[in-house]
There are 2 protein chains.
Amino acid sequence: MEKKILLSEKEIPENWYNIMADMPNKPLPPLHPVTKKPVVPEDLQPLFPMELIKQEVSTEKYIPIPEEVRDIYKIWRPSPLIRAYGFEKLLDTPAKIYYKYEGVSPAGSHKPNTAIAQAYYNKKEGIKRLTTETGAGQWGTALSIACQMLGLECEVYMVKISYNQKPYRKILMNTFGAKVFASPSKNTEAGRKILTMDPENSGSLGLAISEAVERAVMRDDTKYALGSVLNHVLLHQTVIGLEAIKQFEIAGDMPDMVIAPIGGGSNFGGIVFPFLRLNLEEGKNIRFIAVEPASCPKLTRGEFRYDFGDTFGMTPLIPMYTLGHNFNPSPIHAGGLRYHGAGAIISQLLRDKLIEAQAINQLECFDAGLKFAQSEGILPAPESTHGIAQVVREAEKCKMEGKSKTILFNLSGHGNFDMSSYESYLSGNMVDYEVSSEEIRKSLHEIDSLQA
Amino acid sequence: MEKKILLSEKEIPENWYNIMADMPNKPLPPLHPVTKKPVVPEDLQPLFPMELIKQEVSTEKYIPIPEEVRDIYKIWRPSPLIRAYGFEKLLDTPAKIYYKYEGVSPAGSHKPNTAIAQAYYNKKEGIKRLTTETGAGQWGTALSIACQMLGLECEVYMVKISYNQKPYRKILMNTFGAKVFASPSKNTEAGRKILTMDPENSGSLGLAISEAVERAVMRDDTKYALGSVLNHVLLHQTVIGLEAIKQFEIAGDMPDMVIAPIGGGSNFGGIVFPFLRLNLEEGKNIRFIAVEPASCPKLTRGEFRYDFGDTFGMTPLIPMYTLGHNFNPSPIHAGGLRYHGAGAIISQLLRDKLIEAQAINQLECFDAGLKFAQSEGILPAPESTHGIAQVVREAEKCKMEGKSKTILFNLSGHGNFDMSSYESYLSGNMVDYEVSSEEIRKSLHEIDSLQA
């Protein structure tokens, strides 16, 4: 059999799959941060174009992908499904391991799947400019490229500590025409306020969100874009799983389990939802495993609560597994997984035991990532190594039990811009971080008053 | 039509194409550096395995690609041929522009096409370890990966100034198990000699070659590998052009011209030679344009002479267009093109006017590279931008003349590890360098005594 299972551009899905249509229990509604009443579309209008707001609340099963979006997808889609023969051999496992490789996109991750769509709908509604925040830089890169291609301006608020530590990420965004500001910046009231109190403040994702939102709300021709968590973002990512199902049909195989890392839920939801439909509708029995960092264990040690999406409490209250929006994750290298909560859909699915969760420490993840790179030739992003570590665990279990299972994982991105992480690992300087139960309890206690 | 023209793994070529078989005039023989008599296979045995030495002098038209090598090629080959619709639109040209994208390889460039083959033949002849030099790091990365996959050790001598300026390249090689030493090092007599005289010496490619060669020659289980210039290296790269011809057949099109950057000649030869066969054998009239940096103009302002491949005069004398082996190229960002000579085959083809050459300054190249990135979503390596700049010139000519030509160029690699170059360009700090005729004359005068 061929190593890479490729599809032609004609086979790029024509619709995104909306799992809201098939969930046995729909997520609870998001609540207005002040009134604590369910959010209505008008509440979101200063931030998002109407078409995305409609998608956010839609229960239509399939939502058409506009032709213009499919055209841009053709730059890198369909992405390959690859059989990891080399990795299987290295692990000496009877398991069959496949990965869907999203690192082939211009941004090197799955993020453009939604960035292109979001830029498209904004453009269509006459918007001239998008603002966003970025931590490690994956999302900011994707939105920069999307805006470039759709002819929009892009303003990125990058957490100052990352801005200083990862100058190449900033340059990459500049290359694609985006304006990148270290957050806190002097462009916003929120930023100026912080800088007055603390001129050396190194920023946080929460603050960067506040700045990006403020810059969007203050101008009529400007809206805001988010790279994960929200329903419409996960919806756009379902092209990953939809393609993978076609590719498994070509391979004459079907996964026994699907594994993906989880930050806000976008790469996990993207690959998992279309396969989960097969469980819900066709009686299949595929396992779905979300892998989070042990130092940011929202799914395995957090609680299901209403919580804010940001640190400053400006977003709607979302029903989610959370560690509390003030939880401060340890400085692990997988910056994209350092998020306190999971999206509402993911959280509901976990509540209903339709998906599972695992927490893994970063040393185990980088060990797995390095083995993968050495046998498959692709250096995975730190985020992606979390999925790979779980694959290693499952492959070893197969070996012990003498069983051959078919494992699919989402290789959400490459690590070409994360070499400092590999340096840290190879030099022996990388450490694991403990999170005490006390710390989590305290952080969760702080959001008690938010419950509806 | 589809944007990407893909081939299945079955269509990876079964043979490399050896243009030596079809050249109207064969290259002059390389000469022994001391005796100045034509090199015999035994002279090369301390450095290369016998199979590669045979390939170096072969005039067989097709040389079979071993099954094991084709198996590893499957990780990224066949590489896509992509129609640059976005770039065409941005340039507003009637030209049809296609690019063969070699950046999909594990190393991010075309270099693994030969690295894998070289590691394979060495392994087969019982060699345990390969040594090599690297400047910018593309070749060192490719050989590290190849050695990792074939189970060989790899020792890379990296020019000290690059070692210090590009730590991420070093880490990438470490990730793939290679030992990387800053050159000059204390591992070799050559290195120790230099360090004694000048402890702060920042190294050169010439010295790094000397160190790598010394380390290979001193051990029976160790040989040396080179990433360009030599016939067998260019031979291995012909998979690029062979695939591209099949892809053009699928597209129902054929290039009027093929454009590629030139350093030692490996990415140029790789894409051009199979198309050149169509001119030689089938009476086609395709143009082939090698693009060099204006600051290292061996093809456009150098002379055809016998010269050493390295600065220290340890290699055989090669008949080539050269600026003299002591020519010191300006510090342009396309490190892979800062080489004083072109391989013997390329040089002979230029002598016979079967190919053309152009020299372009780096500011024009980066301007073209940025336009390409913004319209096609792939950030090109600085080396690759040289080809793109020529494409822009040809596309503009088409526009002026109202003619639609079909242009193919080799996108030899991505620029993910070259962000400092883009920073320099975007910040306005990048400059062009002049080379005076006096400088070239002086450098060529120094090699007068080498002529046979």
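Parameters and conventions
Residues numbered from 1 in each chain as written. Chains lettered and ligands numbered in written order. Predicted model: local features only at pLDDT ≥ 70, side-chain atom pairs only at ≥ 80, totals over all residues. Heavy atoms only, no water. Helix = DSSP H or I, 4+ residues; strand = E, 2+ residues; numbered from the N terminus. Rg over C-alpha atoms; globule rule 2.2 N^0.38 Å. Buried < 20%, exposed > 50% of the residue type's maximum accessible area, 1.4 Å probe, protein only. Contact = heavy atoms within 4.5 Å. Lys, Arg positive; Asp, Glu negative; His and termini not counted. Charge placed at Lys NZ, Arg CZ, Asp CG, Glu CD. Domains from an automatic or database assignment. Buried area = accessible area lost by both parts, 1.4 Å probe. Pairing = 2+ DSSP bridges. Axes fitted to C-alpha atoms, helices over the stretch in contact; angles between N-to-C directions. 1 Å grid on protein atoms, 1.4 Å probe; cavity = no way out; pocket = protein on both sides within 12 Å on 5 of 7 lines; lining within 4 Å. Points joined across faces, edges and corners; volume = space filled by probe spheres on them. Nonpolar A, V, L, I, M, F, W, Y, C, P; charged D, E, K, R; others polar. Salt bridge = Lys/Arg side-chain N within 4 Å of Asp/Glu carboxyl O. Phe/Tyr/Trp six-rings, centres within 6.5 Å; stacked < 30°, edge-to-face > 60°. Lys NZ or Arg CZ within 6 Å of the ring centre and 35° of its normal. Least-squares fit on C-alpha atoms with pLDDT ≥ 70 in both. Polar contact = N/O pair within 3.5 Å; in protein donor to acceptor, adjacent residues only side chain to side chain. Parallel < 35°, antiparallel > 145°, perpendicular 65-115°, else oblique.

Enquirer: Can you lay out the overall build of chain A for me, pointing to particular residues and giving the numbers?
Expert: A tally of helices and strands in chain A yields 19 helices and 15 strands. Scaling as 2.2 N^0.38, a compact globule of 452 residues should have a C-alpha radius of gyration of about 22 Å, and chain A matches this with 20 Å. Along the three orthogonal principal directions, the C-alpha set of chain A runs to about 60 × 50 × 45 Å. When the 452 residues of chain A are sorted by exposure, 65% land in the buried category. Taking as baseline every contact in chain A between residues at least 6 positions apart, the subset at least 24 positions apart corresponds to 77%. Across chain A, the 49 positively charged side chains and the 54 negatively charged ones have centroids separated by 1 Å.

Enquirer: Describe in detail the domain arrangement of chain A, supporting the description with residues and values.
Expert: Residue and element names in this part refer to chain A. Splitting chain A by domain gives domain 1 (43–64 + 110–231) and domain 2 (66–108 + 238–450). The straight-line distance from the C-alpha centre of domain 1 to that of domain 2 is 23 Å. In this assembly, 31 residues from domain 1 lie in contact with 37 residues from domain 2. Approximately 2,800 Å² of surface area, both sides summed, lies buried where domain 1 meets domain 2, with 66% of it carried by carbon and sulfur atoms. Contact with domain 2 buries surface across domain 1, with H110, N113 and V229 losing the most and accounting together for 24% of the total.

Enquirer: Before we move on, can you summarise the sheet that holds strand β15 (residues 406–411) of chain A with the specific residues and values?
Expert: Residues and elements named next belong to chain A. Read from one edge to the other, the open sheet built from 7 strands follows the order β1-β4-β5-β15-β10-β11-β14, with strand pairing classed as mixed. Two strands in the sheet have a free side with no partner beyond their single neighbour: β1 (4–5) and β14 (356–360). Direction of pairing for strand β10 (residues 257–261) relative to strand β11 (residues 287–293): parallel, over a ladder of 5 bridges. Bridging across to β11, P261 finds its partner in V291. Packing of helix α16 (residues 362–376) onto the sheet brings it into contact with β4 (81–83), β5 (96–101), β14 and β15, and relative to β14 it is tilted by some 95°.

Enquirer: I'd like a description of the sheet that holds strand β8 (residues 179–183) of chain B, backed by residues and values.
Expert: Residue and element names in this part refer to chain B. Here we have 4 strands laid out as an open sheet, ordered β8-β7-β6-β9, and parallel in their pairing. Two strands in the sheet have a free side with no partner beyond their single neighbour: β8 and β9 (222–224). Here the strands of the sheet are splayed against their neighbours by 25° on average, with no regard to which way each runs. Relative to strand β7 (residues 153–159), strand β6 (residues 129–134) runs parallel, the two sharing 6 bridges. Each bridged residue has a counterpart across the sheet, and for E133 the counterpart in β7 is Y157. Here helix α6 (residues 138–150) sits on the sheet and contacts β6 and β7; the angle it forms with β6, its principal contact strand, is near 165°.

Enquirer: I'd like to hear about empty space enclosed by the protein, residue by residue, with values.
Expert: In the structure shown here, the tally under the stated rule is 3 cavities of 30 Å³ or more. One number sums up the size of the largest cavity: a volume of about 910 Å³. Around the largest cavity, the lining is made up of 47 residues, and of these Y101(A), V104(A), Y101(B), G103(B) and V104(B) lie nearest the centre. Taken together, the residues of the lining of the largest cavity break down into 32 nonpolar, 13 polar and 2 charged. Empty space within the second largest cavity amounts to approximately 50 Å³. A total of 3 residues in the lining of the second largest cavity trace back to one element, the largest contributor, which is helix α11 (residues 231–237) of chain A. A breakdown of the residues in the lining of the second largest cavity according to their chemical character gives 7 nonpolar, 3 polar and no charged.

Enquirer: Account for the side chain of K160(A), with residues named and values stated.
Expert: All names here are of chain A. Counting through the fold element by element, K160 comes out in helix α7 (residues 160–165). Buried within the structure, K160 lacks any salt-bridge partner; E200 is the closest side chain of opposite charge, at an N-O distance of 6.6 Å. Residue contacts for K160: discarding those within four places in its chain leaves A182, S183, P184, L195, P199, N201, S202 and G203.

Enquirer: Describe helix α15 (residues 344–351) of chain A, naming the residues involved and giving the relevant values.
Expert: All names here are of chain A. By the criterion of burial, α15 is predominantly enclosed, with 7 of the 8 residues buried. Here the buried face of α15 lies against α11, α13 (266–282), α14 (298–301), β12 (303–308), β13 (317–322) and β14. Remark: K353 follows α15 within two positions and exhibits a positive phi of approximately 55°.

Enquirer: Break down the packing of aromatic side chains for me, citing the residues and quoting the values.
Expert: Following the criterion strictly, the structure yields 29 aromatic pairs over all chains and no others. Feature note: the residues F87(A), Y99(A), F372(A) and F409(A) constitute an aromatic cluster, connected by ring pairs. Its guanidinium or amino end placed over the ring of F304(A), R351(A) lies 3.9 Å from that ring's centre, counting from NZ or CZ. Directly above the ring of Y98(B) sits R83(B), whose terminal nitrogen or CZ lies 5.5 Å from the centroid.

Enquirer: Explain the relation of the copies chain A and chain B residue by residue, including any values.
Expert: Note on the identical chains: chain A maps onto chain B by a rotation of 180° and an axial translation of 0.0 Å, with an RMSD of 0.0 Å. The two molecules are tied by a two-fold rotation axis, judged by turn and shift. Closest approach to the rotation axis within chain A is made by the C-alpha atom of N416(A), at a distance of 3.3 Å. In this assembly, 100% of the residues forming the interface of chain A have copies in chain B that are likewise at the interface, indicating an isologous arrangement.

Enquirer: Could you give an account of the pairing of strand β15 (residues 406–411) of chain B, with specific residues and numbers?
Expert: Residue and element names in this part refer to chain B. Within β15, 6 of the 6 residues are buried, which leaves the element mostly enclosed by the surrounding structure. Of the two faces of β15, the one holding T406, L408 and N410 and the one holding I407, F409 and L411 are both buried throughout. Bridge count for strand β5 (residues 96–101) against β15 is 6 bridges, and the pairing is parallel. Pairing of K100 across the sheet is with N410, part of β15.

Enquirer: Please give an account of the interface of chain A and chain B that cites residues and values.
Expert: Contact with chain A, which involves 38 residues of that partner, is made by 38 residues of chain B. A combined buried area of about 3,300 Å² lies between chain A and chain B, and 60% of that area is made up of carbon and sulfur atoms. Where chain A meets chain B, there are 4 salt bridges. Taking the shortest distance from any N to any O, the salt bridge between K4(A) and E9(B) comes out at 3.2 Å. In this assembly, chain A and chain B are joined by 16 residue pairs in polar contact (both at pLDDT 80 or more). Mapped by element, the contributors of at least two residues to the side of chain A that touches chain B are α6 (138–150), α8 (167–175), α16 and α18 (419–426) of chain A. Counted by class, the side of chain A that touches chain B contains 18 nonpolar, 11 polar and 9 charged residues.

Enquirer: Pulling in residues and values, what's your account of unusual backbone geometry?
Expert: Along the chain, R77(A) connects to P78(A) via a cis peptide bond; the corresponding omega equals -10°. For P78(A), the position within the fold is in the loop between α3 (67–73) and β4. In this structure, V229(A) is a non-glycine residue whose phi angle is positive, near 70°. Within the fold, V229(A) resides in the loop between β9 (222–224) and α11. Accessibility expressed as a relative area gives 7% for V229(A), which makes it buried. One non-glycine residue, D92(B), lies in positive phi territory at about 50°. Position of D92(B) among the secondary structure elements: in the loop between α4 (85–91) and β5.

Enquirer: So what about the packing of helix α16 (residues 362–376) of chain B against helix α18 (residues 419–426) of chain B? Which residues, and what values?
Expert: Residue and element names in this part refer to chain B. Packing of α16 against α18 leaves a shortest axis separation of 11 Å and a crossing angle of 105°. Overall, the two elements α16 and α18 adopt an arrangement that is roughly perpendicular. The residues of α18 that touch α16, namely those facing L363, F366, D367 and L370, are S421, Y422, Y425 and L426. Considering only residue class, the contact of α16 with α18 consists of 6 nonpolar, 1 polar and 1 charged.

Enquirer: Lay out the packing of α16(A) against helix α17 (residues 382–401) of chain A with the relevant residues and their values.
Expert: Residue and element names in this part refer to chain A. Between α16 and α17, the least distance of the axes is 7 Å, while the angle of their chain directions is 85°. Regarding the angle of α16 to α17, the classification is roughly perpendicular. On α17, the residues that touch E364, C365, F366, A368, G369 and F372 of α16 are P382, T385, H386, I388, A389, V392 and R393. Class assignment of the residues belonging to the contact of α16 with α17 gives a composition of 8 nonpolar, 3 polar and 2 charged.

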